[in-house]
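Given next are the chains, with one letter for each unit.
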Amino acid sequence: DAGVTQSPTHLIKTRGQQVTLRCSPKSGHDTVSWYQQALGQGPQFIFQYYEEEERQRGNFPDRFSGHQFPNYSSELNVNALLLGDSALYLCASSLLSAGSTGELFFGEGSRLTVL
Amino acid sequence: AQSVTQLGSHVSVSEGALVLLRCNYSSSVPPYLFWYVQYPNQGLQLLLKYTTGATLVKGINGFEAEFKKSETSFHLTKPSAHMSDAAEYFCAVSDNTNAGKSTFGDGTTLTVKP
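Because the structure is predicted, anything quoted here is derived from the model rather than measured. By convention here, each chain's residues receive numbers from 1 onward along its written sequence. Chain labels run from A onward and ligand labels from 1 onward, assigned in the order the entries are written. Totals for whole chains, interfaces and linings use every residue, but because this is a predicted model, local features are given only for residues with pLDDT of at least 70 and side-chain atom pairs only at 80 or more, for both listing and counting. Neither water nor hydrogens contribute to the side-chain values; these are computed over all heavy atoms in the structure.

**Student:** Is there a simple way to explain the sheet that holds strand β1 (residues 5-7) of chain A in this structure?
**Tutor:** Strand pairing in a sheet relies on backbone hydrogen bonds. The paired strands run either parallel or antiparallel. All names here are of chain A. A pair of strands counts as paired when DSSP detects no fewer than two bridges linking them. Numbering of helices and strands runs from the N terminus, with a helix taken as a DSSP run of H or I at least four residues long and a strand as a DSSP run of E at least two residues long. Across the sheet, four strands lie side by side as β1-β3-β8-β7; this open sheet has antiparallel pairing. Bordering the open sheet on either side are β1 and β7 (64-68), each of which pairs with just one other strand. When strand polarity is set aside, the average angle formed by the axes of neighbouring strands in this sheet is 20 degrees. In terms of strand pairing, β7 meets strand β8 (residues 74-78) through five bridges, oriented antiparallel. Within the sheet, the bridge partner assigned to His67 lies in β8 and is Glu75. Orientation is described by lines fitted to C-alpha atoms, with helices fitted over the stretch in contact, and by angles between N-to-C directions that extend from 0 to 180 degrees.

Written out as structure tokens, the structure reads:
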């Protein structure tokens, strides 16, 4: 049973560029949440996708956008990159259904460095 | 709004000693509470969770945590530390409908000395 997979694992971009990160959820899960983890900090919630729609959003600018596909996989896009966007981006999948506690299963992350 | 405070960004214990990692939360609704562990260059792995029912919850690798509503705490303990427990630990809170939007603490790095 494949867990959550993310790609790429590492990437380097320069300021102003755009980046796309990808995530495949754990088999059977229907919800994908994205988190940003800056060095030395806990993960910060970016947004969550369910049924191909953004359901909830954290305190991130609209430079951060996403998409969920019919197979539940998801993309995170960041435009006009800033140095402060350098972080580990974590994808977490869960099952959003009645009775589910919705615990998160995390991928290993995509480490973005902005120069 | 919800928040999590982890007291002590670094904790060091000797192998075989008690591990105690502190977590206090704030939530306007009955919370779901989680502890996750993160090893270097890896994602987060769930250690244990509290949703409803028994306030003492047991997790993997011998860890347990007790939900104390009156103290708004959810401290993580392990009776005897092992070298393999060295990692970063995160406490998280979510509302009782959607753990996908969880609020995390800043983490506690656990060092285990031989």
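**Student:** It is not clear to me how the state of the cysteines should be interpreted in this structure. Could you clarify?
**Tutor:** Residue and element names in this part refer to chain A. Whenever a pair of cysteine sulfur atoms sits within 2.5 Å, that pair is classed as a disulfide. Under the criterion given, the structure shown has two disulfides over all chains. One disulfide in the model links Cys23 with Cys91; its S-S distance is 1.8 Å. Between Cys23 and Cys91, the disulfide has an S-S torsion of -60 degrees and is therefore left-handed. With Cys23 in strand β3 (residues 19-24) and Cys91 in strand β9 (residues 87-94), the pair connects residues that are 68 residues apart, well separated along the chain.

Any functional reading would require information beyond the geometric quantities listed.
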